[in-house]
Amino acid sequence: MPPIMHSTLIKPPAVDSSISRIENVLELTQLSDIDPDLFTNMRPLWHPPGARGIFGGAVIAQCLSAAQRTVRRDFTVHSMHCYFVLAGNSEIPIIYHVEHVREGKSFATRTVQARQKGKVIFTTTLSFVKEDSGGKVKVEHTTPMPEVPAPVEGNDDIYPQGDEGPFQSQRAEILNYESPHPHTKKTRQWMKARGRISPSGGHEAHLSALAYMSDSYFIGTIARAHKLTRYSSSRTGNSKSTIDEEMLKKLLAMDDETLRRVPGIEDDDIKRLQLLRQGKDISKEEMRPEVGMMVSLDHSIYFHNPRAFRADEWMFTEMESPWSGDGRGLVFQKMFTKDGVLIATCVQEGVVRLKQPPESKI
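As recorded in an unreviewed UniProt entry, the protein goes by the name Thioesterase/thiol ester dehydrase-isomerase, listed as coming from Mytilinidion resinicola.

Following this line, the structure appears as structure tokens:
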């Protein structure tokens, strides 16, 4: 008889309406009776359709949340450096172990390992700085936020699978989209946590929410910069669709303006869907290279103004890729408040492999 698996160690509590959706999603429980530095997820974690494992942003955010509960309140995270080791299973609880590496006067260091079935699936090192420890006279500068149209209420991205998630987003046009040079393109979006983050969550809840959202379509910047497709609708010969029939029907039923609000759908995809609506054979159309595998390897966040923003108010993000090659790609991300304050800089490297043509049989 196969073992019975549960997605949490403890039965998930009822949704707490006094806190935001993202606070409910990221809620942890401390396993104090075993070890005060052990934590576990209280609710099942999201497994995006088609992904190899759970959404990486959830593990990033819960590691940060666990570490924040082991430092003094006057210490705030200023950087975290993460490695995705194994795909997380949404049907198994995650155990987070926090190690106290250093307790200094101005800085404190923590490492956190996320484990499932005794194996490390994710590891991160975080550094915390004491508030106002930089002195009265400081070296200061910042990069300005680019001029972009403000977000429009009610114009959020649409998720055909029906799961809106704990935050909302709006994509902006890709800068230099038609450039032949991928490194010159910049993908942009607005995002914020749904609802209102509770006062009881403190600045820590806003930081965890930002960490969660920072992984949204991050390594996907490579695919967008190279105009790769993740939605193959070719069903001829030996080619198989990367989306199921139900998803394809939903996309075909949408008008062009609605399709532009679907993450992962670009203008070239819309043109091919238009041809399919007309009953035309697209197998002879010029096809873009197709993503065969795209997963995150590592993720770093530098928090610049960790107590000067609200994650439930609109934040602007801009991503660009300086390099890709050898089946990998690198992406930089800047995150701003709506008022233009730079609040975080993120870096991610990931596997980006193309679907290879079938080998010819001699």
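Undergrad: If you had to explain the pairing of strand β8 (residues 186-193) to someone new, which residues and values would you point to?
TA: Among the eight residues of β8, seven are classified as buried, and the element is accordingly described as predominantly covered. Summarising the sheet, strand β7 (residues 167-175) and β8 pair through seven bridges and their orientation is antiparallel. Its bridge partner lying in β8, Q170 is registered against W190. One ladder, built from five bridges, connects β8 with strand β10 (residues 315-325); its direction is antiparallel. Its bridge partner being in β10, M191 is matched across the sheet by M315.

Undergrad: Quick rundown of the pattern of salt bridges? Include the residues and the values.
TA: Per the stated rule, a full pass over the model turns up 17 salt bridges. Measuring nitrogen to oxygen at the nearest pair gives 2.7 Å for the salt bridge that ties R73 to E204. Within this pair, whereas R73 is found in the loop between α2 (56-68) and β3 (75-84), its partner E204 is found in helix α3 (residues 202-213), the two being separated by 131 residues in sequence. By relative accessible area, R73 is classed as exposed at 54%. A salt bridge links E318 to K186; the nearest nitrogen and oxygen atoms lie 3.9 Å apart. Here K186 lies in strand β8 and E318 lies in strand β10, a separation of 132 residues in the sequence. With a relative accessible area of 4%, E318 lands in the buried category. Residue class for K186 comes out partly exposed when judged on its relative accessible area of 23%. One continuous salt-bridge network, built from bridges that share partners, spans K186, R188, E318, E320 and K334.

Undergrad: Requested: an account of the environment of V331, with residues and values cited.
TA: Topologically, V331 is positioned in strand β11 (residues 328-337). Separated by 110 residues in the primary sequence, V331 and T221 place their C-alpha atoms 7.0 Å from one another. Ignoring any residue separated from it by four or fewer positions in sequence, one finds V331 in contact with F218, I219, T221, I222, M319, E320, S321, C346, V347 and Q348.

Undergrad: Describe in detail a nonpolar patch on the surface, supporting the description with residues and values.
TA: A cluster of nonpolar side chains, namely Y83, V85 and L86, defines an oily patch on the protein surface of about 290 Å² accessible area. Looking at the element boundaries, Y83 is found in strand β3.

Undergrad: Requested: an account of the nonpolar core, with residues and values cited.
TA: Ranked by size, the top nonpolar core spans 61 residues in total, and within it Y96, F122, L210, Y212, M213 and I301 carry the most contacts. Considering every element that reaches this core, the biggest residue donor is α2, with eight residues. The next biggest cluster of nonpolar side chains, apart from the first, holds 10 residues, and it includes L251, M254, I265 and L276.

Undergrad: Run through the packing of α2 against α3, naming residues and quoting values.
TA: Close contact between α2 and α3 brings their axes to 7 Å; oriented N to C, the two are set at 155°. When the axis of α2 is compared with that of α3, the two are roughly antiparallel. Regarding α2 and α3, the two cross each other, and that crossing is right-handed. Contacts between α2 and α3 involve G57, A58, I60, A61, L64, S65 and Q68 on the former and, on the latter, E204, L207, S208, A211 and Y212. Of the residues assigned to the contact of α2 with α3, the class counts are seven nonpolar, four polar and one charged.

Undergrad: Would you mind going over the sheet that holds β10 in detail, with residue names and values included?
TA: Pairing within the open sheet is antiparallel, and its 12 strands lie in the order β1-β2-β4-β5-β6-β3-β9-β12-β11-β10-β8-β7. Whereas interior strands pair on both sides, the edge strands pair on one side only; in this sheet they are β1 (28-30) and β7. Looking at each pair of strands side by side, their axes are set apart by 25° on average, direction ignored. Where β3 and strand β9 (residues 291-303) come together, five bridges link them in antiparallel fashion. Bridge pairing in β9 links H81 to S300. On top of the sheet, α3 reaches β3, β7, β8, β9, β10, β11 and β12 (342-354); it is set at about 150° to β9, its chief contact.

Parameters and conventions
- Residues numbered from 1 in each chain as written.
- Predicted model: local features only at pLDDT ≥ 70, side-chain atom pairs only at ≥ 80, totals over all residues.
- Heavy atoms only, no water.
- Buried < 20%, exposed > 50% of the residue type's maximum accessible area, 1.4 Å probe, protein only.
- Helix = DSSP H or I, 4+ residues; strand = E, 2+ residues; numbered from the N terminus.
- Pairing = 2+ DSSP bridges.
- Salt bridge = Lys/Arg side-chain N within 4 Å of Asp/Glu carboxyl O.
- Contact = heavy atoms within 4.5 Å.
- Patch = residues over 30% accessible without salt bridge, like charges linked within 9 Å, V, L, I, M, F, W, Y side chains within 5 Å.
- Areas by Shrake-Rupley, 256 points an atom, 1.4 Å probe, with all protein chains shown as cover.
- Core = buried A, V, L, I, M, F, W, Y, C linked by side-chain atoms within 4.5 Å.
- Axes fitted to C-alpha atoms, helices over the stretch in contact; angles between N-to-C directions.
- Parallel < 35°, antiparallel > 145°, perpendicular 65-115°, else oblique.
- Left-handed = near helix turned anticlockwise from the far one by under 90°.
- Nonpolar A, V, L, I, M, F, W, Y, C, P; charged D, E, K, R; others polar.

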